[in-house]
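An overview of the molecular structure
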Amino acid sequence: MRGVTILKAEDDKTRTLNAHTMMAYSGEAGDTVQFAEYIQANVQLYGMRNNANWQLSPSAVASFIRRELARSLRSRNAYHVNLLVGGFDTTTNKPHLYWLDHLAAQAAVPYAAHGYAQYYCLSILDKHHHPDISLEKGLELMRMCHDELVKRLPIDFKGLNVKIITAKGVEKVEL
């Protein structure tokens, strides 16, 4: 039987792909790290080859990741990785969030959670999220999710790594 375990309290399962895009990943331990490093290196390589000032949009990054997941799914060694890809598109000045699973399904979503946290947080996000939410209200919503996880998750909860993506780039914030 497998249950909820914590291997490392300080483990950060996110990667910054470019100045305005990042991904969060979960899944099999070896697959997640290898796939995340592969995607990060290829997105950064694309930026270096083309123009350092022009980067892939979040939707282009999500499409690239989906294609790589589909390609690995057709091979004998598929990646068992679930991803959230978020970013701020500087051409349209709009935020984007994409959910991708290990079967290469992709969906644009207004909010998301994965892992065991989704069982506790999605109902809060369903109730309190709206399309025109401000950054302050979004952080308040994250605090509500954090409090729910502390109260109901059946493990010694170590906390959250909260990162926001704005027109200025990716920054880590404390709740």
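Just above sits the structure.
So, here's what we can say about the structure.

Cut-offs applied
Residues numbered from 1 in each chain as written. Predicted model: local features only at pLDDT ≥ 70, side-chain atom pairs only at ≥ 80, totals over all residues. Heavy atoms only, no water. Pairing = 2+ DSSP bridges. Helix = DSSP H or I, 4+ residues; strand = E, 2+ residues; numbered from the N terminus. Axes fitted to C-alpha atoms, helices over the stretch in contact; angles between N-to-C directions. Contact = heavy atoms within 4.5 Å. 1 Å grid on protein atoms, 1.4 Å probe; cavity = no way out; pocket = protein on both sides within 12 Å on 5 of 7 lines; lining within 4 Å. Points joined across faces, edges and corners; volume = space filled by probe spheres on them. Nonpolar A, V, L, I, M, F, W, Y, C, P; charged D, E, K, R; others polar. Core = buried A, V, L, I, M, F, W, Y, C linked by side-chain atoms within 4.5 Å. Buried < 20%, exposed > 50% of the residue type's maximum accessible area, 1.4 Å probe, protein only.

This part covers the sheet that holds strand β5 (residues 106-108). Strands sit in the order β1-β2-β3-β4-β5 across an open sheet of 5 strands; the sheet is antiparallel. The open sheet is flanked by β1 (14-18) and β5, the only strands paired with a single partner. The sheet shows a mean angle of 20° between the axes of neighbouring strands, direction not considered. Note: β1 against strand β2 (residues 21-27), 4 bridges, orientation antiparallel. In the sheet register, R15 faces β2, and the bridge partner there is M23. This element, helix α1 (residues 29-50), spans β1, β2 and β3 (81-89) of the sheet and lies at about 15° to β1. Packing of helix α2 (residues 58-73) onto the sheet brings it into contact with β1, β2, β3, β4 (94-100) and β5, and relative to β3 it is tilted by some 160°.

Our focus in this paragraph is the layout of surface pockets. The method is simple in principle: a probe with the dimensions of a water molecule rolls over the atoms, and the space it marks as empty is what remains. There is about 200 Å³ of room inside the second largest pocket. Considering the residues around the second largest pocket, the lining is formed by 13 residues, among which Q55, L56, S57, D89 and T90 are closest to the centre. Residue composition of the lining of the second largest pocket, grouped by class: 4 nonpolar, 8 polar and 1 charged.

The next subject is the nonpolar core. Within the largest apolar cluster, 21 residues are counted, with the highest numbers of intra-cluster contacts made by M23, F35, I39, I65, L69, L83 and V85. Breaking this core down by element, the ones donating at least two residues are β2, α1, α2, β3 and β4. Here this core takes 6 residues from α2, the largest share from any one element. With residues near it in sequence (within four places) discarded, L83 still touches M23, A24, Y25, F35, I65, L69, Y98, W99 and L100. One finds C121, I124, L149 and L153 within the second-largest nonpolar core, a separate group that totals 10 residues.

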